[in-house]
Amino acid sequence: MVGVLRRLSVLDWIRVGLLGLGLLAVVTELLPVEEAAGEVGRIAPILLFLAAVIVLAELVKEAQVFDVIAARLAMAGRGDYVALFLLCTAFASLVTMFLNLDTTAVLLTPVMLALAARTGIAALPLAMTTVWLANTASLFLPVSNLTNLLAMERLGLSTKEFAGRLWLPQLVSIAVTMVFLWVFFWRRGRRGADRYDPPPPVPVADPLLFRTAATVCVLFVVAILLELPIQVAALAAAVLMIAAFAWRDRSKLTLALFPWQLLVFVTGLFLVVPTLSRYGLAGLMSALAGVGGDGGGAYRTAAVGAGLSNLINNLPAYTAVEKVIPVVNQDQLLALLIGTNIGPVITPWASLATLLWFEWCRRRGVRVPMLTFVLAGAGLAVVGVAATVGALLLTA
C-alpha cells in the first residue's frame, strides 16, 4: 500500500483530494444525498464510456495502429511539409473527433514525437498540432469530449442532431487552428527545414492484432454513426480488444490500462461543483454569463467559458456555468461548449488533455517555449472562439 501511495503524482493527489472533498460534502450534508445521487446517476453512463474508450485507445495503440498510420502519412507527404501538415492535421482531427481528445493528447502525441525523431522533423510543430487539435477539434461528436456528452444530455439531443448543429462550427474551428499552426509553428522560418526524409514503413509485430484493432475501430465509428448508445459501443469495442490481447499478448493487459485517475477526478468534480453552486457559485456564474439567449449572450457565455477554463480547467468551468443556463437557451449552452472546448489553449492546466500533453513533452525532452505557447494560444482562443460562435449562430 505504501508503495502504491509513493507512485501517486501531484495530479493524482489532487484528484483523490477532490473526490475526498466531494464525499465530505455529502457526509456533512452540505450536499444533500438525493442531489449527490442524482449527479452520480447522471454521469454513470459517461464514466462507463470514458473508461471503455480509453482502454480501447490504449490497446489500439499497443497494436501499432497509430504508429503505422503516422508513418504512412509521413511517407505519403514525400518530404513536402505542406502535404505533411495537411495530413497530420486531418489525422489529429479525426482521432479527436472519433476517439476522444484525451486519446489525441495521451496516445497520438508520443507517436508523433517518435515520428519526428525517426524522420528528422522538428518535434514542436507535430506536438503543437496534437495539443491544439485535441482541444479545438473536439466539438463535432458527443464522443469527442466529456463536455459534449454533458451538453447533449442536458439538451436532449441525439447524436445526429448534435452533429447537425456543430458540423460548421467544427470546420471553422479546425480551419482557424490550421492557420495559427502554420503561422506560429509550421512555416519555413519556424520549422527550420525545406524538406524532410520520409520514414521507412513501420514493421508490425503482430499483423493479426493490428488487423483486429483496425477493424474494431471501424466498427466503433460505424456504431457511433448508427446512433447506438455510445457507452455500449465503447464497452463492446473495448471488450473485443481485451479478448484479442488475452489471446495474442496478455502482457499488455495490466491494471494501468484502467483510467482510475480520470474517473476519480470527474466523480469528485460532480460532487464539489454542485456543493459550491449551492453556496454562492451559481450566483456568480449567473452574473458573469447572464441568461441572454441572443447572439450577444452566446458570445458572452463563450468568453466566460474560455476565460474560466484557462483559470481553473475547462471541465469545472463548464459544469459551473452550465447549471445557470436555461435549457431553452440552446445557442447559449452550445456557445459555452465552444468556449470550454476551444478556449483552453492558453494555460497548461486549462484542460486535462493539455496537462497530459505537457507531461509527454517533458518525458521526451521536447522544449515548449512557454511565452510562445501562451501568446499563440491566446490568439487562437480569441479568434477561434469568436469565429466558431459566429458559425454556430449561422446554423441556428
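Before reading further, recall that the structure is shown in the block above.
It should be emphasised that the depicted structure is a prediction, and the values quoted were computed from it without experimental measurement. (Residues numbered from 1 in each chain as written. Predicted model: local features only at pLDDT ≥ 70, side-chain atom pairs only at ≥ 80, totals over all residues. Heavy atoms only, no water.)

Digging into the packing of helix α14 (residues 295–312) against helix α15 (residues 314–322)
Orientation of α14 relative to α15, taken along the N-to-C sense of each, is 140°, at an axis distance of 7 Å. The pairing of α14 with α15 is recorded here as oblique in orientation. As α14 packs across α15, the resulting crossing turns out to be right-handed. Every residue of α15 that contacts α14 at T301, V304, G305, L308, S309 and I312 is listed here: N314, P316, A317 and V321. For the contact of α14 with α15, the residue count by class is 6 nonpolar, 4 polar and no charged. (Axes fitted to C-alpha atoms, helices over the stretch in contact; angles between N-to-C directions. Helix = DSSP H or I, 4+ residues; strand = E, 2+ residues; numbered from the N terminus. Parallel < 35°, antiparallel > 145°, perpendicular 65-115°, else oblique. Left-handed = near helix turned anticlockwise from the far one by under 90°. Contact = heavy atoms within 4.5 Å. Nonpolar A, V, L, I, M, F, W, Y, C, P; charged D, E, K, R; others polar.)

A look at helix α12 (residues 230–248)
An ideal rise of 1.5 Å per residue puts 27 Å on 19 residues; α12 measures up with 27 Å between its terminal C-alpha atoms. Looking at α12, one finds that the buried residues are I230, A233, A234, A237, A238, M241, A244 and F245. All buried residues of α12 fall inside an arc of 125° around its axis, so they share one side. (Expected span 1.5 Å × (residues − 1). Buried < 20%, exposed > 50% of the residue type's maximum accessible area, 1.4 Å probe, protein only. Arc of directions from axis to C-beta.)

Re the pattern of salt bridges
What the rule picks out here adds up to 6 salt bridges. Across the pair R188 and D194 runs a salt bridge whose closest N-O atoms are separated by 2.5 Å. Measuring nitrogen to oxygen at the nearest pair gives 3.0 Å for the salt bridge that ties D206 to R248. Of this pair, D206 sits in the loop between α10 (188–191) and α11 (207–225) while R248 is found in helix α12, placing the two residues 42 residues apart along the sequence. On the basis of relative accessible area, D206 is assigned to the buried category, the value being 14%. Its relative accessible area of 39% is what places R248 among the partly exposed residues. (Salt bridge = Lys/Arg side-chain N within 4 Å of Asp/Glu carboxyl O.)

Topic: the environment of A71
Following the sequence through the fold, A71 ends up in helix α4 (residues 65–77). Using a relative accessible area of 1% as the deciding quantity, one classes A71 as buried. It is 29 Å that separates the C-alpha atoms of A71 and L255, two residues lying 184 residues apart in sequence. If we ignore the near neighbours within four places in the chain, the residues touching A71 are L115, R118, P199, P200 and V202.

Thoughts on empty space enclosed by the protein
Unoccupied space between atoms shows up once a probe the size of one water molecule is rolled over them. This model, assessed by the stated rule, comprises 1 cavity of 30 Å³ or more. When its volume is computed, the largest cavity comes out at roughly 160 Å³. For the lining of the largest cavity, the elements supplying multiple residues, two or more each, are α6 (101–119), α8 (146–155), α13 (260–289), α15 and α17 (352–363). For the lining of the largest cavity, the class distribution of residues is 8 nonpolar, 6 polar and 1 charged. (1 Å grid on protein atoms, 1.4 Å probe; cavity = no way out; pocket = protein on both sides within 12 Å on 5 of 7 lines; lining within 4 Å. Points joined across faces, edges and corners; volume = space filled by probe spheres on them.)

Describing the environment of L240
Here L240 shows up in helix α12. Put simply, L240 and M152 are 88 residues apart on the chain and 27 Å apart in space, counted from C-alpha to C-alpha.

Quick word on the environment of D102
Structurally, D102 can be placed in helix α6. The class for D102 is buried, based on a relative accessible area of 10%. Residues D102 and N145, 43 residues apart in the sequence, show an inter-C-alpha distance of 8.2 Å. In this structure D102 touches L107, L262, L352, A353 and L356, once residues within four positions along its chain are discounted.

Topic: the packing of helix α5 (residues 81–99) against α6
Packing of α5 against α6 brings their axes to within 8 Å, and their N-to-C directions diverge by 145°. Handedness of the α5/α6 crossing: right-handed. Contacts between α5 and α6 involve C88, F91, A92, V95, T96 and L99 from the former and L101, T103, T104, L108 and M112 from the latter. When grouped by side-chain class, the residues that make up the contact of α5 with α6 number 8 nonpolar, 3 polar and no charged.

This is a description of form; function is not addressed.
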